[in-house]
Amino acid sequence: MAMTAVARETVFALRRQIAKIEGTLPERLAAPAAAPFDADVNTDLTIVRRGIAAALPDAFLPIGVGRLDAALSGGLPKAALSEIHGLETRDAGAVAGFALSLTSLILKQTPGLPVLWIGTSEIFREAGFPYARGLHASFGIEPEQLLFSEAPRLVDALWVAEEAARMTALAAVILEIRGNPQRLDLTATRRLHARAQAAGRPVFLLRQAAGPEPTAAPVRLIVASAPAVPRDTIAGPLAGSIGRPAFTLTIGKSRTALPGQFTLEWNPDERAFDERAGEARDRAKNPVPVVSLSGGGKNPAPASGAVLAFPAVGSPISPAARDQPSRPQRTAHLGPRRAG
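Note that the coordinates shown come from a computational prediction; the quantities given were computed from them, not determined experimentally. (Residues numbered from 1 in each chain as written. Predicted model: local features only at pLDDT ≥ 70, side-chain atom pairs only at ≥ 80, totals over all residues. Heavy atoms only, no water.)

1. Observations concerning the overall build of the protein
Rules: Every helix listed is a DSSP run of H or I at least four residues long, and every strand listed is a run of E at least two residues long, numbered separately from the N terminus. Contacts are residue-level and defined by heavy atoms, with any inter-residue pair within 4.5 Å sufficient. Throughout, the Shrake-Rupley method with a 1.4 Å probe supplies accessible areas, and for residues the shown protein chains are the sole cover considered.
Across its full length, the protein carries nine helices and 15 strands. Long-range pairs, those at least 24 residues apart, make up 70% of the contacts in the protein with a sequence separation of at least 6. Put simply, the protein shows about 20,200 Å² of open surface, and 58% of that area lies on carbon and sulfur atoms.

2. Notes on the packing of helix H6 (residues 154-165) against helix H7 (residues 186-199)
To keep things clear, this is the line we draw: Helix axes are fitted to C-alpha atoms over the stretch in contact, other axes to C-alpha atoms as well, and angles between N-to-C directions run from 0 to 180 degrees. Here the word oblique covers every angle except those under 35 degrees (roughly parallel), over 145 (roughly antiparallel) and from 65 to 115 (roughly perpendicular). Three classes are used: nonpolar for Ala, Val, Leu, Ile, Met, Phe, Trp, Tyr, Cys and Pro, charged for Asp, Glu, Lys and Arg, and polar for all others, with Gly counted as polar.
Direction vectors running N to C along H6 and H7 enclose 20°, while the axes themselves pass 8 Å from each other. Judged by the angle between their axes, H6 and H7 are roughly parallel. Every residue of H7 that contacts H6 at Leu158, Ala161, Glu162, Glu163 and Ala165 is listed here: Ala188, Arg191, Leu192, Arg195, Ala196 and Ala199. Tallied by class, residues from the contact of H6 with H7 come to seven nonpolar, no polar and four charged.

3. So, the sheet that holds strand S5 (residues 81-86)
To be explicit about the condition: Here, any two strands with at least 2 DSSP bridges between them count as paired.
With respect to topology, nine strands assemble into an open sheet ordered S7-S6-S8-S9-S5-S10-S13-S14-S15, the strand pairing being mixed. One side of each edge strand has no neighbouring strand; the edge strands of this open sheet are strand S7 (146-151) and strand S15 (272-275). Neighbour-to-neighbour, the strand axes of this sheet turn through a mean angle of 25°, independent of strand direction. Where H7 meets the sheet, it contacts S5, strand S8 (172-178) and strand S9 (203-208), and its direction lies at approximately 130° from that of S5.

4. Here we look at the side chain of Gln208
Of note, Gln208 is situated in strand S9. Excluding residues within four positions of it along the chain, Gln208 makes contact with Gly86, Asp91, Ala92, Val95, Ala96, Ile123, Glu176, Ile177, Arg178 and Gly179.

5. Quick notes on the confidence of the model for the protein
Note the threshold: Every residue carries a pLDDT, the predictor's confidence in it, which falls somewhere between 0 and 100.
Per-residue pLDDT for the protein averages 78, and the proportion of residues at 70 or more is 67%. When the criterion is pLDDT under 50, residues 330-335 qualifies, and its contacts beyond four places in sequence or with other chains add up to one contact.

6. Looking at unusual backbone geometry
Notably, Ser73 is not glycine yet its phi reads approximately 60°, a positive angle. Within the secondary structure, Ser73 is located in the loop between helix H2 (66-71) and strand S4 (76-77). Phi at Ala209 takes a positive value of approximately 50°, unusual for a residue other than glycine. Turning to its location among the elements, Ala209 is positioned in the loop between S9 and strand S10 (219-226).

7. Things to note about the pattern of salt bridges
The condition is simple: Criterion for a salt bridge: a side-chain nitrogen of Lys or Arg within 4 Å of a carboxyl oxygen of Asp or Glu. When a residue's accessible area, from a 1.4 Å probe over protein chains only, is under 20% of the maximum for its type it is buried; when over 50% it is exposed; and in between it is partly exposed.
Evaluated as defined, the whole model comprises 11 salt bridges. Measuring nitrogen to oxygen at the nearest pair gives 3.5 Å for the salt bridge that ties Glu83 to Arg220. Linking Glu83 in strand S5 with Arg220 in strand S10, this pair joins segments that are 137 residues apart in sequence. We classify Arg220 as buried; its relative accessible area is 8%. Put simply, Glu265 and Arg276 hold a salt bridge, and the shortest N to O gap is 3.0 Å. Placement of Glu265 in strand S14 (residues 261-267) and of Arg276 in the loop between S15 and helix H8 (278-283) is noted, with a sequence separation of 11 residues between them. Taking the relative accessible area as the measure of exposure, Arg276 reaches 5% and is therefore buried. Salt bridges linked by common partners bring Glu83, Arg207, Glu213 and Arg220 together as one network.

So this is what it looks like as structure tokens:
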């Protein structure tokens, strides 16, 4: 019995060391209590994830879809950094919509607290801001509950995110980044993950037009838009109509779940997710490509020739080049800079 206890303590010491390196949630790696289980006394049950990590049930944000929550062993971790990826720029709307859906679920549990959305000027210029009037209608979010912080540089956005992630006065923090910048490395994500753990609040990292790379986030979800199905009526699907917004969700990385793909619909009336059934998936098939090919057009564009900064040797000088001033007539600030 003593050898078993010593072996168990050794195993958990190694797991804590691994957690320190990987940035795993500390509450998931706490050694389980040795007291016997009593259903009438012990009301705080734990969820064991692959026999390694243990956490309280309220440590996760249930998405509301049974199969997806079961695959994630309870949902997304609340006190952690979670990644939401969009592989292409055209997926920016779907990624933002999915993040707003998660925000709606969080505000149900923490009403009255605001959410801070941080981004660089580049990402807000490329993807835009959420539509204020649609926040309440589609997600039940009041416009004053969603705060925005526009940073001129990525280093400023990371600083704001780290400072905001430690605040318990916020329900959640959203950091939106475009591409795979070098400064958003494993060290930066570990800092965000540690701040989320300390505050007990989720931090969502939105990666627009980005590829997967190593980070400290326990979960990475790849989100894309899915074709909407016609609206359901008493008489059946209404032809030519557009139903609820839908997302194709892929588990790209998870320490507790195997890769999988799900098609979710957001119900703006109930403020909840529903998984699309097989019949609805068949009705949502869209054979039309996203961008049709232009090879069969009647007036194809002519092939472009060589583009040169200066005319080639022996070629006649164009009229535009004749209008350029000679070297003595150029202004002084265009001349070469001389030292001394």
